[in-house]
Number of protein chains: 2
Amino acid sequence: MNNRDRSPSLANARVRSAPEAARAPLPPSQPSLAPIDAAPSFKHKAYAALKNAIVAMDIYRSRDDIRLDERKLAQDFGISRTPVREAMAQLESEGFVRSVPRRGVYVVRKTRTEVIEMITAWAALESMAARLVTQTATPEQIADLRKMFATFEGDQVRAHLDEYSEVNIEFHQSIIKLSGNRVLIEMAENLFTHMRMIRRKTIVEKDRVDRSIRDHMKIIEALEARATDRAEVLVRDHALGLAEHVKQYADYLD
Amino acid sequence: MNNRDRSPSLANARVRSAPEAARAPLPPSQPSLAPIDAAPSFKHKAYAALKNAIVAMDIYRSRDDIRLDERKLAQDFGISRTPVREAMAQLESEGFVRSVPRRGVYVVRKTRTEVIEMITAWAALESMAARLVTQTATPEQIADLRKMFATFEGDQVRAHLDEYSEVNIEFHQSIIKLSGNRVLIEMAENLFTHMRMIRRKTIVEKDRVDRSIRDHMKIIEALEARATDRAEVLVRDHALGLAEHVKQYADYLD
DNA sequence: ATGTGGAATATTGTATACCAGCATGAATAA
DNA sequence: TTATTCATGCTGGTATACAATATTCCACAT
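Each chain carries its own residue numbering, running from 1 in the written order of its sequence. All chains are assigned letters beginning at A, and all ligands numbers beginning at 1, according to the order in which they are written. Totals for whole chains, interfaces and linings use every residue, but because this is a predicted model, local features are given only for residues with pLDDT of at least 70 and side-chain atom pairs only at 80 or more, for both listing and counting.

Peer 1: Lay out the protein's contact with DNA strand C in plain terms, naming residues and giving numbers.
Peer 2: Residue proximity rests on one test: whether the C-beta atom, placed from the backbone, lies within 6 Å of the molecule or strand. The full set close to DNA strand C counts 19 residues, and S41, F42, I79, S80 and T82 of chain B are the nearest of them. Every helix listed is a DSSP run of H or I at least four residues long, and every strand listed is a run of E at least two residues long, numbered separately from the N terminus. Secondary structure elements with two or more residues in the surface near DNA strand C: α4 (70-77) and β3 (104-107) of chain A together with α3 (42-55) and α5 (81-93) of chain B. Asp, Glu, Lys and Arg are counted as charged, while Ala, Val, Leu, Ile, Met, Phe, Trp, Tyr, Cys and Pro are counted as nonpolar; the rest, among them Gly, fall into the polar class. Residue composition of the surface near DNA strand C, by class: five nonpolar, six polar and eight charged.

Set out below in structure tokens:
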């Protein structure tokens, strides 16, 4: 009683030449011959285009419902509804849009509670990532983290609060990437994308930025010292501090 | 220069009567008139059916590639390819299948490295969840955790190693659910589903089960004592211990 | 003025048809 | 026997047509 017997429609298990090409890394001998997939399907293109559009939209500026028209989008992209729908479905599973049957597809605005939950999840992922970084990252990789703040010394910060916000996110994303754990990386990617959308609405005060930079430096020092537990605590508390800040002052949400 | 100007096809922002019906709870005055959703679309049905089938398939028994035939499945379900494809796409984004262009859709087998990464991510999520539980859960909720092991005292364990494995997963899932953080819950759900698939192949030894139960009891005690940091450490180390075990002894993967 | 009915409209959900590309294997040549 | 060519078939990707249903708005009766 193997799989074939039980579910004849499902399991057509055969010993085939496995789809190596798609999974295997490059053969070391070949000089990077064909790393290209060369096949970004319409679905992927539509997905990327839509995601970029949504992220760039500053959706928290207004409270009006923002609807996405499948057919219009398909027309504008010059493709059919099918790949657009597939892209929409993926965006929905990632929490960016919400499809209401026979109503339309709407861009999702996160509530304050949801934002806090996302930040908390991010704290969980990044604090674990910090642990891993202290155990596996090279000194050079950790050193690169410092460079990110080289341009933000002293009063530079006040002049470029906006840019700092992006560097801030990149810093945290870098830590997670340095962990080398693909599951962590992928999970965090969605969270960070959402955070980038809210960032514009988050009032950045000079005090918080100063404190933020100090926190970051302490984190880097802990990573360099390979202090696993200390790095974890610092990263976690830094993120949870932001969550608390949102909880108290982010009235503009909801 | 607002959104409407820049991307006329994207943002048809209008002030509409928001889709209340789908979001709002029942009006307290009405006696639960129409709570029915009544519309599990074919897409959702196909998704559920496929996911159940995949989870129940014991895919790690053999090494043969398992291919899913869109057309055949559609025929067996009595529906068209479209909803089947949509279900497949979602399963792919969740890491259960992998679609290779012009080759077919294959069920994914996680490598040992990937399993370790998943367990590590799980450790991150659950240890944060444990912190939250110590801060927000009611005593009754924590007490329910104890009941899960009521049937597994003494030598009961040896006789029902298989069932214990499921209770084990449910215990950890319960902790995450008790956190009340929907983001954590959703992220962990996928991980647990994958773990359930691998569970069958994981050799459960008596010693490890005994130690596991002891760990669980310590975790429950920490939660009851509202010892935030201690609960976090216990949960994290418990999960990472499993990761280490897989790293050393799970040769059957890859 | 207001409430009601219903047709027109607009939307997603689903089915079907078509397409392009790769794998396969038979046919053929060496 | 072995290597090579090439036609065929099967695959997922895409386009399009159709179905079902919620919404909207206007005519019309009250």
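Peer 1: Tell me about the nonpolar core, and please be specific about residues and values.
Peer 2: Core analysis: the largest hydrophobic core is formed by 69 residues, its most contacted members being L125 and L184 of chain A together with L125 and L184 of chain B. For the purpose of contact definition, each residue receives a C-beta atom placed from its backbone, and two residues are in contact when these atoms lie within 7 Å. With near-sequence residues (within four places) excluded, L184 of chain B lies in contact with A121 and A124 of chain A together with L125, M128, A129, I176 and S179 of chain B. Any set of buried Ala, Val, Leu, Ile, Met, Phe, Trp, Tyr and Cys residues joined through C-beta atoms within 7 Å is what this text calls a nonpolar core. A residue is called partly exposed when the number of other C-beta atoms within 10 Å of its own lies between 12 and 20, exposed at 12 or fewer, and buried at 20 or more, with C-beta atoms placed from the backbone. Membership of the second largest hydrophobic core comes to 37 residues, among which are Y47 and I59 of chain A together with L68 and V97 of chain B.

Peer 1: Lay out the packing of α3 of chain B against α5 of chain B in plain terms, naming residues and giving numbers.
Peer 2: Residue and element names in this part refer to chain B. Running from amino to carboxyl end, α3 crosses α5 at an angle of 55°, the nearest separation of the two axes being 8 Å. What the angle tells us is that α3 and α5 run oblique. By crossing handedness, the relation of α3 to α5 is classed as right-handed. In this structure, α3 contributes F42, K43, A46, Y47, L50 and K51 to the contact, and α5 contributes P83, V84, E86, A87, Q90 and L91. Here the residues of the contact of α3 with α5 are counted per class, giving eight nonpolar, one polar and three charged. A fitted line through C-alpha atoms serves as each axis, taken over the contacting stretch for helices, and the angle formed by two N-to-C directions is quoted from 0 to 180°. Working rule for angles: under 35 degrees goes down as roughly parallel, over 145 as roughly antiparallel, 65 to 115 as roughly perpendicular, anything else as oblique. Here is the rule for handedness: rotate from the far helix to the near one, and if that takes an anticlockwise turn smaller than a right angle the crossing is left-handed, while a clockwise turn gives right-handed.

Peer 1: Account for the protein's contact with DNA strand D, naming residues and giving values.
Peer 2: Every one of the 20 residues lining DNA strand D counts as a neighbour, but S41, F42, I79, S80 and T82 of chain A are closest to it. For the surface near DNA strand D, the secondary-structure elements that each account for two or more residues are α3 (42-55) and α5 (81-93) of chain A together with α4 (70-77) and β3 (104-107) of chain B. Among the elements that make up the surface near DNA strand D, the one with the highest residue count is α5 of chain A (three residues). Looking at the surface near DNA strand D residue by residue, the classes come out as five nonpolar, six polar and nine charged.

Peer 1: Talk me through the pairing of strand β2 (residues 97-100) of chain B; I want residue IDs and the actual numbers.
Peer 2: Residue and element names in this part refer to chain B. Looking at chain direction, β2 and β3 are connected through four bridges and run antiparallel. Across the sheet, R98 pairs through a bridge with Y106, a residue of β3. With antiparallel pairing between neighbouring strands as the criterion, β2 and β3 make up a hairpin whose turn holds three residues, including R102 at a positive phi of roughly 60°. When DSSP locates at least two bridges between a pair of strands, those strands are taken to pair.

Peer 1: Any chance you could break down the domain arrangement of chain A for me, citing the residues and the numbers?
Peer 2: Interface size is commonly expressed as the accessible surface area that is lost when the partners come together. Residues and elements named next belong to chain A. Split into domains, chain A comes out as domain 1 (42-107) and domain 2 (112-249). Here domain 1 and domain 2 have C-alpha centroids that lie 29 Å from each other. Taken together, the residues of the side of domain 1 that touches domain 2 sort by class into three nonpolar, no polar and two charged. Segment limits for the domains were obtained from an automatic or database-derived domain assignment.

Peer 1: How would you explain the sheet that holds strand β1 (residues 67-68) of chain B if you had to name every residue and give the values?
Peer 2: Pairing in this open sheet of three strands is antiparallel, and the strands run β1-β3-β2 (chain B) from one edge to the other. The sheet is open, and its two edges are formed by β1 and β2 of chain B, each paired on a single side.

Peer 1: Mind laying out the packing of α4 of chain B against α5 of chain B, listing which residues take part and the relevant values?
Peer 2: Helix packing geometry: the angle between the two helix axes and the distance between the axes. Residues and elements named next belong to chain B. Contact pair α4 / α5: the axes reach a minimum separation of 9 Å and the direction vectors enclose 115°. Between α4 and α5 lies a crossing whose hand is right-handed. Mapping the contact onto sequence places E70, R71, L73, A74 and F77 in α4 and R81, V84, R85 and M88 in α5. The residue inventory of the contact of α4 with α5, partitioned by class, reads five nonpolar, no polar and four charged.

Peer 1: Please provide a residue-by-residue account of unusual backbone geometry, values included.
Peer 2: Residues and elements named next belong to chain B. Within the chain, D58 stands out as a residue other than glycine whose phi angle is a positive 55°. Position of D58 relative to the elements: it lies in the loop between α3 and β1. Even without being glycine, R226 reaches a positive phi, approximately 55°. Position of R226 among the secondary structure elements: in the loop between α11 (206-224) and α12 (228-249). Among the residues examined, R226 registers 14 C-beta atoms within 10 Å and is labelled partly exposed.

Peer 1: Could you give an account of the environment of D215 of chain B, with specific residues and numbers?
Peer 2: All names here are of chain B. Secondary-structure assignment places D215 in helix α11. C-alpha separation for the pair D215 and S99, spaced 116 residues apart in sequence, amounts to 40 Å. Setting aside residues no more than four positions away along its own chain, D215 makes contact with L234 and H238.

Peer 1: So what's going on with helix α6 (residues 112-136) of chain A? Residues and values would help.
Peer 2: To estimate how far a helix should extend, the number of its residues minus one is multiplied by 1.5 Å. For α6 of chain A, which comprises 25 residues, the first-to-last C-alpha distance of 36 Å matches the rise-based estimate of 36 Å (1.5 Å per residue) to within 8%. Burial within α6 of chain A is extensive, with 20 of its 25 residues counted as buried.

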